[in-house]
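Architecture and fold: a report
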Amino acid sequence: MVQTNTSKVSRWDQHGREHVVQVLRKGPQRTIRCDTCGWRKGAQFLPWLKAEEHLAEAHQATVDPSQT
């Protein structure tokens, strides 16, 4: 039986809007999906880094709420 785990990367843009990318893990496979625009991509290595890159490039969301 393969277990599915989910985590998320959350960043805020300069207007105070939160953008979230979900990191879905099912066995060795990882998929990242943006809740804001629906973008999705398979990411075997460093999915959280790829999620941060998408948020910065697509949504200019770079403020990490855990760092404030």
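Below or above, wherever it landed, is the structure these notes cover. For clarity, every value in this text was computed on a predicted model and none was experimentally measured.

1. Quick word on a nonpolar patch on the surface
A grouping of Phe45, Leu46 and Leu49 is seen on the molecular surface, where their side chains present a nonpolar patch of about 340 Å² in accessible area. Within the fold, Leu46 resides in the loop between strand 4 (40-42) and helix 1 (47-59).

2. What about the environment of Gly27?
Mapping Gly27 onto the fold places it in the loop between strand 2 (18-26) and strand 3 (29-34). By relative accessible area, which is 28% here, Gly27 ends up partly exposed.

3. Some words on the environment of Arg25
Mapped onto the secondary structure, Arg25 falls in strand 2. For the pair formed by Arg25 and His15, sequence separation is 10 residues and the distance between their alpha carbons is 31 Å.

4. As for the state of the cysteines
Cysteine pairs can be linked by a disulfide, which is a covalent bond between their two sulfur atoms. Scanning the model with the defined rule gives zero disulfides in all. Cys34 takes part in no disulfide bond, and the closest cysteine sulfur to it belongs to Cys37, at a distance of 3.7 Å.

5. Things to note about the sheet that holds strand 1 (residues 4-12)
Strand pairing in a sheet relies on backbone hydrogen bonds. The paired strands run either parallel or antiparallel. Spatially, the four strands line up as an open sheet ordered 1-2-3-4, and their pairing is antiparallel. In this open sheet, the two strands that pair with only one neighbour each are strand 1 and strand 4. Mean inter-strand twist for the sheet, computed between neighbouring axes without regard to direction, equals 20°. As judged from the six bridges shared by strand 2 and strand 3, these two strands associate in the antiparallel manner. In the strand pairing of strand 3, Leu24 is matched with Thr31. Relative to the sheet, helix 1 contacts strand 1, strand 2 and strand 3, its axis offset from that of strand 2 by approximately 150°.

Reading guide: rules and limits
Residues numbered from 1 in each chain as written. Predicted model: local features only at pLDDT ≥ 70, side-chain atom pairs only at ≥ 80, totals over all residues. Heavy atoms only, no water. Patch = residues over 30% accessible without salt bridge, like charges linked within 9 Å, V, L, I, M, F, W, Y side chains within 5 Å. Areas by Shrake-Rupley, 256 points an atom, 1.4 Å probe, with all protein chains shown as cover. Salt bridge = Lys/Arg side-chain N within 4 Å of Asp/Glu carboxyl O. Helix = DSSP H or I, 4+ residues; strand = E, 2+ residues; numbered from the N terminus. Buried < 20%, exposed > 50% of the residue type's maximum accessible area, 1.4 Å probe, protein only. Disulfide = S-S within 2.5 Å. Pairing = 2+ DSSP bridges. Axes fitted to C-alpha atoms, helices over the stretch in contact; angles between N-to-C directions. Contact = heavy atoms within 4.5 Å.

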